[in-house]
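In case you want the letters, here they are:
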Amino acid sequence: MTSKTPDSTDTPNIPEKPEKKVVLRVENLHTSFFTRDGEVKAVNGVNLGLKENSILGVVGESGSGKSVTALSILRLIPHPGRITQGAVYFDDLNILEMGGENLRMMRGNDIAMIFQEPTTALNPLINIGTHMEEVIQAHSSMSKKEARVRAMELLTELELPSPAYILKLHPFQLSGGQAQRVMIAMAVAWNPRVLIADEITSSLDVTLQADVLDRLKRLQRERHSAIMLITHDMGVIAQVAEDVAVMYAGAVMEYADTPSLFRHPYHPYTWALLQSIPRLDEPMRTLQPIRGSSPNLIDPPDQCPYLPRCPKASSECRLSPKPLLREIDPGHYVACYNAIEHDD
Ligand SMILES: Nc1ncnc2c1ncn2[C@@H]1O[C@H](COP(=O)(O)OP(=O)(O)O)[C@@H](O)[C@H]1O
Ligand SMILES: [Mg+2]
């Protein structure tokens, strides 16, 4: 008698790890600045997705279009800039087509942004306590007194010394580290579904940077927020991001979960960026500057924008239009005709 061979009906039903829902989806976004010198194509076809309860790192050299992408998502592009094409879906609503009232509600309730220079986002005439009370009251039914107590609690949670004193200060009286923590405290009080943080650790020393990143990570875990963390620093990405989008010349060159991207960088630009981070195991290794200069964004050629700097450029790259993102491994996307090969 033959024993019954196991088949699919015998395998226990192991639930797969549920896929996280994408809360914010940017599709083929184009934003230009119409200057006297011509049309600066600052964002030139960005595609990315931000998942709930996760941190997406957006990384790229200065001028690669990270901040303009963030400002476009919230429709805060200043004159002479304009979003010329694309869509930004929050849940299933296209932010770029929202009427004024919905846009205000979304900015006030669902999506918050912290800038590199946090104090510029605060009114210089109003003290920190009033700023925090306003945010807390706008997002809860607390009285002014209760809001003040909550503000104290939040600053204490963020380990700001003398919170009562900090609440009396005006924005310009805060140090860089204090200001970043106040902004994070306000984001926690607000509890937005999406938080866009633009270079918030760039001006901080390494210890403070690690601390602020830790707070951000806790915000994500405890509040299940979706956080878009913009940085030019691959080291920051390695510390906190679940997924990464690598930007160059206003477009996403590579998109993957962080371990895949670090293990298998397919785009020569990603590879170059990874070469430029200092490593603890090789402290003496010299940092590799990426050869060539940043692309001119006025009337860019139709080919791959990295072509002039790319050590792997081939005749296909020279003769073909700009490559689009394609899935090279499951969940790992690259915009390159001549992606780096990996043996394992
Ligand atoms: N107000 C503006 N007028 C003209 N060009 C701009 C303006 N703001 C940004 N840009 C251009 O857009 C490009 C992308 O800028 P940005 O998104 O700030 O880069 P990143 O944040 O990646 O450093 C840059 O080349 C920059 O010069
Ligand atoms: Mg920027």
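Before reading further, recall that the structure is shown in the block above.
These figures come from a predicted structure and were not determined experimentally.

Asker: Hey, could you run me through the site of ligand 1 in this one?
Answerer: As a matter of local geometry, ligand 1 sits amid 15 residues, with Phe-33, Ala-42, Lys-66, Ser-67 and Val-68 nearest to it. Sorting the residues of the shell around ligand 1 by element identifies strand 1 (22–35), strand 2 (38–51) and helix 1 (66–73) as the ones contributing at least two each. Grouping the amino acids of the shell around ligand 1 by side-chain chemistry returns six nonpolar, eight polar and one charged.

Asker: For this particular structure, what's the right way to read the nonpolar core?
Answerer: In summary, soluble globular proteins display a tendency toward joint burial of nonpolar side chains. Grouped together as the largest cluster of nonpolar side chains are 90 residues, with contacts concentrated most on Ala-185, Val-246 and Val-252. At nine residues, the largest contribution of residues to this core is made by helix 6 (residues 176–190). Counting contributing residues per domain, this core is built from domain 1 (22–110 + 193–334) and domain 2 (119–191), each supplying no fewer than three. Setting aside residues no more than four positions away along its own chain, Val-246 makes contact with Val-59, Gly-60, Val-252, Met-253, Glu-254, His-267, Tyr-269, Thr-270 and Leu-273.

Asker: Looking at this structure, I do not really get the sheet that holds strand 11 (residues 326–329). What am I missing?
Answerer: Sheets are built from strands that pair by backbone hydrogen bonding, the pairs being arranged parallel or antiparallel. Here we have eight strands laid out as an open sheet, ordered 6-7-8-3-9-10-12-11, and mixed in their pairing. Each having just a single partner strand, strand 6 (111–114) and strand 11 make up the two edges of the open sheet. Each strand of the sheet is rotated relative to its neighbour by a mean of 20°, with strand direction disregarded. Bridge count between strand 3 (residues 54–59) and strand 9 (residues 243–248): four bridges; the pairing is parallel. If you follow Val-59 over to strand 9, its bridge partner there is Val-246. Relative to strand 9, helix 10 (residues 268–275) is tilted by about 105°, and along the sheet it contacts strand 3, strand 9 and strand 10 (251–257).

Asker: In this structure, what is going on with the environment of Asp-243? I would like to understand it.
Answerer: Within the element layout of this structure, Asp-243 appears in strand 9. Since 22 C-beta atoms lie within 10 Å of it, Asp-243 is described here as buried. With 193 residues separating them in the primary sequence, Asp-243 and Leu-50 have C-alpha atoms 8.7 Å apart. Residues contacting Asp-243, with those up to four places away along its chain left out, are Ser-54, Leu-56, Ala-256, Asp-257 and Thr-258.

Definitions and limits used
Residues numbered from 1 in each chain as written. Chains lettered and ligands numbered in written order. Predicted model: local features only at pLDDT ≥ 70, side-chain atom pairs only at ≥ 80, totals over all residues. Near = placed C-beta within 6 Å. Helix = DSSP H or I, 4+ residues; strand = E, 2+ residues; numbered from the N terminus. Nonpolar A, V, L, I, M, F, W, Y, C, P; charged D, E, K, R; others polar. Core = buried A, V, L, I, M, F, W, Y, C linked by C-beta atoms within 7 Å. Buried ≥ 20, exposed ≤ 12 C-beta atoms within 10 Å, placed from the backbone. Domains from an automatic or database assignment. Contact = placed C-beta atoms within 7 Å. Pairing = 2+ DSSP bridges. Axes fitted to C-alpha atoms, helices over the stretch in contact; angles between N-to-C directions.

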